[in-house]
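Structural overview
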Amino acid sequence: GVSSIPDLKGCDIDGTIYNIGDEIKQDDPCTNCRCELQYGTQRGFKMCSIIDCAPTFCENPLYIEGVCCPTCEPLGKGCDIDGKLYNIGDVIEQDDPCMECKCEQLEYGTTKGTKMCLTMSCQAPPCDNPEYIEGVCCPVCDPGEKGVCKYDDKYFQNGSSFPANDGCNRCTCTDRQVLCTEIHCEKPGMCPRIDSDSAGICTHECDKDDRCQGKKKCCSNGCGKICVNPI
């Protein structure tokens, strides 16, 4: 008998098989090609169309690699600030409490944003020794009236969170009260070496590092335990 090769399903383009309906990628971004069905068979054929670009209404349109038509709109949406993306209208956090920044629309009709900032100006408070609250721009005469907390000679606004003075835990200001976590954390560094022929005062000033302020560690002095600077 005579052998026959069955009909190919789809399109064979330079050795790559495409199913009916598949897009056939082109180097030219302005050319769209698909594998279309030949009527009455299972074979496909490559059919292409050319994209007709609409006119742009700007003086210097952008030509983007891999994109057919030029555009007046810059790439991206919103604002990219140090790798962090903000949508139009979002507040962009600043270290300076006197500066308020937002992601504003760059041009009407686009989705590209730009960082715009306003600097607050403070009126002189009606007292001789105003207090400055951490995270608040303008000084106040009586921090207690605003529900703030005092911790390590600094004022913090109600609801704010800040590092504890042990360098490990965190504290929160809640209605003028400072509430801190009580995690037992070992601080970095090593305790000073103790001479074998000397012993300190037999007093127990601490039992763990977090009982010592700042960077100090709870170390043995040869008899008891005291808070000392690490080495």
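Overview of the structure. (Residues numbered from 1 in each chain as written. Predicted model: local features only at pLDDT ≥ 70, side-chain atom pairs only at ≥ 80, totals over all residues. Heavy atoms only, no water.)

On to the nonpolar core. In this structure, Cys-149, Tyr-151, Phe-156, Phe-162, Ala-164, Cys-171 and Cys-173 together form the largest nonpolar core, which totals 7 residues. Counting only elements with at least two residues in this core, the list comes to strand 12 (149-151) and strand 15 (170-174). Sequence-distant contacts of Phe-156, that is, excluding residues within four places in its chain, are made with Ile-133, Glu-134, Val-148, Cys-149, Tyr-151, Phe-162 and Cys-173. (Core = buried A, V, L, I, M, F, W, Y, C linked by side-chain atoms within 4.5 Å. Buried < 20%, exposed > 50% of the residue type's maximum accessible area, 1.4 Å probe, protein only. Helix = DSSP H or I, 4+ residues; strand = E, 2+ residues; numbered from the N terminus. Contact = heavy atoms within 4.5 Å.)

Moving on: the state of the cysteines. The full count for this structure, using the stated rule, is 13 disulfides. A sulfur-sulfur distance of 1.9 Å marks the disulfide that ties Cys-30 to Cys-68. Disulfide Cys-30-Cys-68: the torsion about the S-S bond is 100°, which places it as right-handed. Of this pair, Cys-30 sits in the loop between strand 3 (23-24) and strand 4 (31-37) while Cys-68 sits in the loop between strand 5 (44-50) and strand 6 (79-81), and the two are 38 residues apart along the sequence. Relative accessible area serves as the criterion here: at 14%, Cys-68 is assigned to the buried category. A disulfide bridge connects Cys-171 with Cys-180, and the sulfur atoms are separated by 1.9 Å. Its S-S torsion of approximately 100° makes the covalent link between Cys-171 and Cys-180 right-handed. You can call Cys-171 buried: its relative accessible area is 0%. (Disulfide = S-S within 2.5 Å.)

What you see with strand 15 is a clean split: Cys-171 and Cys-173 sit on the buried side and Arg-170, Thr-172 and Thr-174 on the side with no burial. Inspection of the sheet shows strand 14 (residues 161-163) paired to strand 15 by 3 bridges, in the antiparallel sense. Its bridge partner being in strand 15, Pro-163 is matched across the sheet by Arg-170. Linking strand 14 to strand 15, which pair antiparallel, is a turn of 6 residues; within it Gly-167 sits at a positive phi near 75°. Here 4 bridges tie strand 15 to strand 16 (residues 177-180), and the two strands are oriented antiparallel to one another. Counterpart to Cys-173 in the pairing with strand 16 is Val-178. (Pairing = 2+ DSSP bridges.)

Below, the discussion takes up the layout of surface pockets. Counted as a void, the largest pocket has a volume near 200 Å³. Considering the residues around the largest pocket, the lining is formed by 13 residues, among which Asp-166, Asn-169, Thr-181, Glu-182 and Asp-210 are closest to the centre. When the residues that make up the lining of the largest pocket are grouped by side-chain class, the tally is 5 nonpolar, 4 polar and 4 charged. (1 Å grid on protein atoms, 1.4 Å probe; cavity = no way out; pocket = protein on both sides within 12 Å on 5 of 7 lines; lining within 4 Å. Points joined across faces, edges and corners; volume = space filled by probe spheres on them. Nonpolar A, V, L, I, M, F, W, Y, C, P; charged D, E, K, R; others polar.)

What follows covers unusual backbone geometry. Positive phi, close to 55°, is recorded for Asp-14, a residue that is not glycine. Examined against the element boundaries, Asp-14 turns out to sit in the loop between strand 1 (11-13) and strand 2 (16-18). Note on Asp-14: relative accessible area 81%, which makes it exposed.

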